[in-house]
Amino acid sequence: MTQSELTQHNVAPREAQARAPATEPNSHAGPRPTASEPRKVDFCIVGSSMPARLVALKAAEAGASTLLVTSPTAATTPAGVFYAPLALVEAGKLIYAATSIDRLNLRDRDSLPATHGEELTAPRLSGEGLVRHLRLVGETLALRTDSKRLRALQVSILTEETRFEDTRTLRAGDHRIAARQFVLAPDLEWDIPGIPGIDEIDYLTPDRPIIASRPVERLVVIGMSDSGLALAQAHRHLGADVTLLPSPDDDSAAFDDEIIRLALAGLARDGVVIDPDARVTRIEARGREAVVHISGHNGPHHFEPSQVLLAPRLRARFTDPDWATARISTTNGQPVVNAALRTSNSRVSVIDATRAGDIFSFRLDDDADFLVDSLLRGRRQPSAPSIRAIPTTPAVAIVGASEAAARDAHGRIKVTRASHAHHLSRIARHRILSQPAGELKVIATRSGRIVGCAIAGDGALDVAGLWALAISRKLKLDDLARLSFPDIALNSLTRRATRLSIYGWPLAGSMLLRLARLWRRIRG
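Rules behind the numbers
- Residues numbered from 1 in each chain as written.
- Predicted model: local features only at pLDDT ≥ 70, side-chain atom pairs only at ≥ 80, totals over all residues.
- Heavy atoms only, no water.
- Helix = DSSP H or I, 4+ residues; strand = E, 2+ residues; numbered from the N terminus.
- Buried < 20%, exposed > 50% of the residue type's maximum accessible area, 1.4 Å probe, protein only.
- Axes fitted to C-alpha atoms, helices over the stretch in contact; angles between N-to-C directions.
- Parallel < 35°, antiparallel > 145°, perpendicular 65-115°, else oblique.
- Left-handed = near helix turned anticlockwise from the far one by under 90°.
- Contact = heavy atoms within 4.5 Å.
- Nonpolar A, V, L, I, M, F, W, Y, C, P; charged D, E, K, R; others polar.
- Expected span 1.5 Å × (residues − 1).
- Salt bridge = Lys/Arg side-chain N within 4 Å of Asp/Glu carboxyl O.
- Pairing = 2+ DSSP bridges.
- Polar contact = N/O pair within 3.5 Å; in protein donor to acceptor, adjacent residues only side chain to side chain.

Draft legend 1. Seen up close, the environment of Asp373. Following the sequence through the fold, Asp373 ends up in helix 9 (residues 363-376). Residue Asp373 is classed as buried on the basis of its relative accessible area of 16%. Note: C-alpha distance between Asp373 and Ala59 (314 residues apart in sequence) is 8.8 Å.

The structure is reproduced here in structure tokens:
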């Protein structure tokens, strides 16, 4: 071999080695995708909000290969939207329970010489303490879906802008991704009502229900949503003078529901002033507080300077990832989603926290489970109906179809009711309440199949799961009538709610009515 040939022989491998890409020290074994070959995963979740991380967590726990892509420019969802309202509600209930000890005369006053013979008052609250409590609750819950935990479960995380290249491929920066299922999670924002002057004040929201440097003494809550009802009562339990007003965007028909009226009665009993017929005309800034002007049956008037808490609904905000290229149908800039949470492109699903209607719903966790199970286990439809939960006192849970929706879907229906709070054991446990009130309303088809349920009373959120199972399994009233509970109140409640089916009164009654009408026709 000549000297020139030897030189060529030695240089060629070095040039090829120089052109070869460097290997990452922590890269996984196996072939890596080239620039033209997309990376293949089971789930690719696109979004920066907590629902996106929740799906990534559940997919990784199920053993699926998961990639989470967050946007560097997308506005982040309010951090406390999923924990701050409930944490404040629980804090209010603890304070209310502490003051109830004295209202029930359970304390030995002789053992308290400093306050002997005096009326005991509620403990003084610290704004800094409440804010610190909310922050600690948020930090604890955030550990469930934080980046360290996700990476420990082998979830890959990218921070890139995304767009679809075709119906099967997503580009995130320089990365090309081909997933068995893409999941889009929109950012969330409050749907602030267009009230004149609202932008001139520093208002509170459900994710920021209190400010450490501004103790809440007088509060006007605008918005009779589920979070509005719960937070109004919570602030009242914490000692504030609270007025609850409807928002211009509220559905006034929802206030006429008998179960919601029981919740409103509970707020009024605790001292919350409720004016469902008022209309907020404008808000005027007054230092660190605001003056709210309203008009109603008594003419225009205004409230004393107060803090304002807006309780609007959440609104989803999607970033267009090139819907047309992915062949995803949209309406008003949002993808059209079917009952299985899928878009017109079957490879693309959407998890939307606003689908349940409010932040206290259990729907978000169920939707995340369904998205994972639908790919790994072949589920076609969500198995559990929606549960609308309102953590007021009395608590409210609405499961499945409403009475109006059931009539539209099934025509003639059965509606049975049972008192939820007047059982002897419940009166003993709630002696502090001057007017214990609660109700269980069950909605069933003519054949007795349960399609909806609404509960107001103590333990409503615990009982809701049973009725959700009954609806999903298409059980009938007499199926639940045979169940027994260790709690005597729940046992009696279920029996009374299904009593009409036990004795067969609805069927017999309807038959007698038909015979009576037929007899009238024959007699002319």
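Draft legend 2. Structural detail: the packing of helix 2 (residues 50-61) against helix 9. Their axes nearest at 9 Å, the elements helix 2 and helix 9 cross at an angle of 45 degrees. Overall, the two elements helix 2 and helix 9 adopt an arrangement that is oblique. Handedness of the crossing formed by helix 2 with helix 9: right-handed. Note on element contacts: helix 9 touches helix 2 through Leu364, Asp365, Ala368, Asp369, Leu371 and Val372, opposite Met50, Pro51, Leu54, Val55, Lys58 and Ala59. Each residue belonging to the contact of helix 2 with helix 9 can be placed in one class, and the counts come to nine nonpolar, no polar and three charged.

Draft legend 3. Broad picture of helix 12 (residues 460-472). Here helix 12 contains 13 residues, and its C-alpha end-to-end distance of 18 Å stays within 8% of the 18 Å for a straight helix at 1.5 Å per residue. Considered for burial, the residues of helix 12 that qualify are Ala460, Val463, Ala464, Leu466, Trp467, Ala468, Ala470 and Ile471. In the segment just after helix 12, Lys474 is the residue with positive phi, at about 55 degrees.

Draft legend 4. Examining the pattern of salt bridges more closely. Following the criterion strictly, the structure yields 24 salt bridges and no others. Residue Asp369 is joined to Lys58 by a salt bridge in which the shortest nitrogen-to-oxygen separation is 3.1 Å. With Asp369 in helix 9 and Lys58 in helix 2, this residue pair connects regions lying 311 residues apart in the sequence. Taking relative accessible area as the criterion, Asp369 reaches 27% and is therefore assigned partly exposed. Looking at Lys58, the relative accessible area reads 11%, which means it is buried. The closest approach of N and O atoms between Arg417 and Glu258, which form a salt bridge, is 2.9 Å. Of this pair, Arg417 sits in strand 21 (residues 413-419) while Glu258 is found in helix 7 (residues 258-269), placing the two residues 159 residues apart along the sequence. Given a relative accessible area of 33%, Arg417 falls into the partly exposed group. It is possible to trace a salt-bridge network through shared partners that takes in Glu258, Glu403, Arg407, Arg417, Glu439 and Lys441.

Draft legend 5. Looking closely at the pairing of strand 15 (residues 314-317). Side-chain alternation along strand 15 places Leu314 and Ala316 on a buried face and Arg315 and Arg317 on a face that remains uncovered. Both strand 7 (residues 187-190) and strand 15 contribute to a ladder of four bridges, which runs antiparallel. Counted as the bridge partner of Leu188 is Ala316 from strand 15.

Draft legend 6. Region of the structure containing the packing of helix 6 (residues 226-237) against helix 7. At a minimum axis separation of 10 Å, helix 6 and helix 7 run at an interaxial angle of 20 degrees. Here helix 6 lies roughly parallel to helix 7, going by the angle between them. As helix 6 runs across helix 7, the sense of the crossing is left-handed. Contact residues: Leu229, Ala232 and Gln233 in helix 6; Leu264, Gly266 and Leu267 in helix 7. Tallied by class, the residues present in the contact of helix 6 with helix 7 amount to four nonpolar, two polar and no charged.

Draft legend 7. Main features of the environment of Thr66. Relative to the helices and strands, Thr66 is located in strand 2 (residues 66-70). The buried category is assigned to Thr66, whose relative accessible area is 3%. Those residues in contact with Thr66 that sit more than four places away from it in its chain are Phe43, Ile45, Ala56, Ala59, Ala60, Gln154, Val155 and Ser156. A distance of 3.0 Å separates a polar side-chain atom of Thr66 from the backbone oxygen of Ala64.

Draft legend 8. Structural context of the sheet that holds strand 12 (residues 289-295). Spatial ordering of the open sheet is given by 11-12-13, a layout of three strands whose pairing is antiparallel. Where the open sheet ends on each side, the last strands, each with one partner, are strand 11 (279-286) and strand 13 (301-302). Here strand 12 runs beside strand 13; their pairing, made up of two bridges, is antiparallel. What sits directly across from Ile294, in strand 13, is His301.

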